[in-house]
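Spelled out, the chains give:
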Amino acid sequence: MESSFSFGVILAVLTVLIIAVNVLVVVAMLLSIYKNDGVGLCFTLNLAVADTLIGVAISGLVTDQLSSSVQHTQKTMCSLRMAFVTSSAAASVLTVMLIAFDRYLAIKQPLRYFQIMNGLVAGACIAGLWLLSYLIGFLPLGVTIFQQTTYHGPCSFFAVFHPRFVLTLSCAGFFPAVLLFVFFYCDMLKIASVHSQQIRKMEHAGAMAGAYRPPRPVNDFKAVRTVSILIGSFTLSWSPFLITGIVQVVCQKCCLYQVLEKYLWLLGVGNSLLNPLIYAYWQREVRQQLYHMALGVKKGFTSILLLLLARNGNPERPRESSYHIVTISNPELDG
């Protein structure tokens, strides 16, 4: 019971952090899209929304873990809850793949990028992504071999889903996604290096002729860096859980459920906290918007504080300061 309570406390803290940080990024991305109208920002917004839904989904598990009652969540409700968690996690992973493909397309086809990736295509990609995510998440509810035959609370992933489901996700989704990530990363790095060499030659030729020196392809390398960090975060967060789940399927006598549910599943869910932190630090649009939001909050807080001080203090001081401001702005001082 003490172990379950400790796990519930950790899960509660993680839930609050995931929801709070991702909601902050969602607001920042909405303001950035309103100002800049960028298609790529819509994918980042979708990632923050998916990670927020993961936090909302696992919040229902906190009550079950912290409850001292003997009666836990029913199996049907637990299955629906874990299906929603899996769907949101699948949407997060698929959005990371979509962001990687978007950056790859922007580097591979820079002149045709805005013709290919317009608002309609981006909306269709996001809609198809969520449809596929919910098909993946609710698959165990329609396939009996992916369900556990017996159910013993509290509600958890392997309390209702069989490790065969993890094996299927790993072979059909995780490992192909990692290979696709590696392909995108290597090809983007190759293209960025070629662009850098071409611009160095142009700079050298321009310097010899005294012409204009073009800027270096910094954006290419920034895109490669952001994608590589996302790939590394995704792989390190989910691969221990999925690989250990495969081991549990192969080794029926091994009892790895405690490690899978208490530690490795929590590590995978923690990826939803890393994603907004990565974008808040590495993506300029998100960083600038968060900075402007912080300035707005600071100005609002300062205005409220000054208003409270003016009500509780001497009401003559504001008049005196405004009088001095009027006096100083008098045109006679110009002489």
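Procedures and definitions
- Per chain, residue numbering runs from 1 following the sequence as it is written.
- Residue-level local features of this predicted model are given only where pLDDT is at least 70; pairs of side-chain atoms are given and counted only at 80 or more, and the full residue set underlies all totals for whole chains, interfaces and linings.
- Side-chain numbers come from the whole structure's heavy atoms, not from hydrogens or water.
- Secondary structure elements are taken from DSSP: a helix is a run of H or I of four residues or more, a strand is a run of E of two residues or more, and numbering for both begins at the N terminus.
- Each residue gets one of three labels from its accessible area relative to the maximum for its type: buried under 20%, exposed over 50%, partly exposed in between, using a 1.4 Å probe on protein chains only.
- When checking whether two residues touch, look at their non-hydrogen atoms; a contact exists if any pair is within 4.5 Å.
- Shrake-Rupley sampling with a 1.4 Å probe provides the accessible areas, and residues are treated as covered by the protein chains on show and by no other component.
- UniProt positions are given in the numbering used here, feature names are shortened, and annotations may be inferred rather than shown by experiment.
- Classification of ring pairs uses Phe, Tyr and Trp, with its six-membered ring standing for Trp, and accepts pairs whose centres are within 6.5 Å; under 30 degrees between planes counts as stacked, over 60 as edge-to-face, and the remaining range as tilted.
- Here the term cavity refers to a set of points on a 1 Å grid, laid over the protein atoms alone, in which a 1.4 Å probe fits but cannot get out; the term pocket refers to an open set having protein on both sides within 12 Å along at least five of seven lines, with lining residues being those that place an atom within 4 Å of a point.
- Grid points are joined across faces, edges and corners, and a volume is the space filled by probe spheres set on the points.
- Any residue that is not Ala, Val, Leu, Ile, Met, Phe, Trp, Tyr, Cys, Pro, Asp, Glu, Lys or Arg is counted as polar, Gly included; the first ten are nonpolar and the last four charged.
- Patch membership is restricted to residues that have no salt bridge and whose relative accessible area is over 30%. Joining uses 9 Å for like charges and 5 Å for the nonpolar side chains Val, Leu, Ile, Met, Phe, Trp and Tyr.
- One speaks of a salt bridge when a side-chain nitrogen belonging to Lys or Arg is within 4 Å of a carboxyl oxygen belonging to Asp or Glu.
- Pairs of cysteine sulfur atoms within 2.5 Å are identified as disulfides in what follows.

Caption draft 1: How the structure looks around the overall build of the chain. Helix and strand counts for the chain stand at 13 helices and zero strands. When the helices and strands of the chain are placed in sequence order, the string is α-α-α-α-α-α-α-α-α-α-α-α-α. Classification of the 335 residues of the chain by burial places 41% in the buried group. Sequence-distant contacts in the chain: of pairs separated by 6 or more residues, those separated by 24 or more amount to 77%. As presented, the chain carries roughly 19,100 Å² of accessible surface, and 68% of it is formed by carbon and sulfur atoms.

Caption draft 2: Structural detail: the UniProt feature "transmembrane region" (unreviewed entry) in the chain. If you check UniProt for "transmembrane region" (unreviewed entry), the listed places come out as residues 6-31, 38-62, 82-101, 121-145, 165-186, 223-243 and 263-282 in our numbering. The straight-line gap between the two end C-alpha atoms of residues 82-101 is 28 Å; of that span, 100% is helix and 0% is strand. As annotated, residues 165-186 has a helix share of 100% and a strand share of 0%, and its two end C-alpha atoms lie 31 Å apart.

Caption draft 3: Local environment of the packing of aromatic side chains. Per the counting criterion, the structure on display carries 20 aromatic pairs. In textbook terms, an aromatic cluster arises when at least three aromatic residues are bridged by ring pairs, as seen for Phe146, Phe157, Phe158, Phe161, Phe165, Trp238, Phe241 and Tyr257.

Caption draft 4: Quick peek at the environment of Thr15. With respect to the helices and strands, the residue Thr15 is situated in helix α1 (residues 2-36). The exposure class of Thr15 is buried, given its relative accessible area of 5%. In this view, Thr15 contacts Gly55, Ile58, Ser59 and Val62; residues no more than four positions away in its chain are not counted.

Caption draft 5: Spatial organisation of empty space enclosed by the protein. Scanning all chains against the criterion turns up one cavity of 30 Å³ or more. In this model, the largest cavity occupies a volume close to 40 Å³. Lining of the largest cavity is provided by Asn22, Val25, Thr44, Leu47, Ala48, Asp51, Asn275, Pro276 and Tyr279. When residues of the lining of the largest cavity are traced back to their parent elements, those giving at least two are α1, α2 (39-66) and α11 (271-282). A per-element tally of the lining of the largest cavity places α2 first, with four residues. Each residue belonging to the lining of the largest cavity can be placed in one class, and the counts come to five nonpolar, three polar and one charged.

Caption draft 6: Quick look at a nonpolar patch on the surface. Taken together, the side chains of Phe5, Val9, Val13, Leu17 and Leu66 present a nonpolar region at the surface, about 400 Å² in accessible area. Looking at the nonpolar patch element by element, the count peaks at four residues for α1. Note that Val13 resides in helix α1.

Caption draft 7: How the structure looks around the state of the cysteines. One pass over the full model with this rule turns up two disulfides. Across a sulfur-sulfur distance of 2.0 Å, Cys78 and Cys155 are joined as a disulfide pair. Where Cys78 bonds to Cys155 through sulfur, the torsion about that S-S bond is close to 90°, and the disulfide is right-handed. Taken together, the positions of Cys78 in helix α3 (residues 75-108) and Cys155 in the loop between α6 (139-142) and α7 (157-160) put the pair 77 residues apart, joining distant regions of the chain. In this structure, Cys78 and Cys155 share a single accessibility class: buried. With its sulfur 2.0 Å from that of its partner, Cys251 forms a disulfide with Cys254. Here the disulfide of Cys251 and Cys254 is right-handed, its torsion about the S-S bond being about 75°. Classification of Cys251 as partly exposed rests on a relative accessible area of 25%. If one numbers only the bonded cysteines of the chain, in the order they occur, the disulfide pattern is 1-2, 3-4. With no disulfide of its own, Cys255 has Cys254 as its nearest cysteine by sulfur position, at a separation of 9.0 Å. The class for Cys255 is exposed, based on a relative accessible area of 64%.

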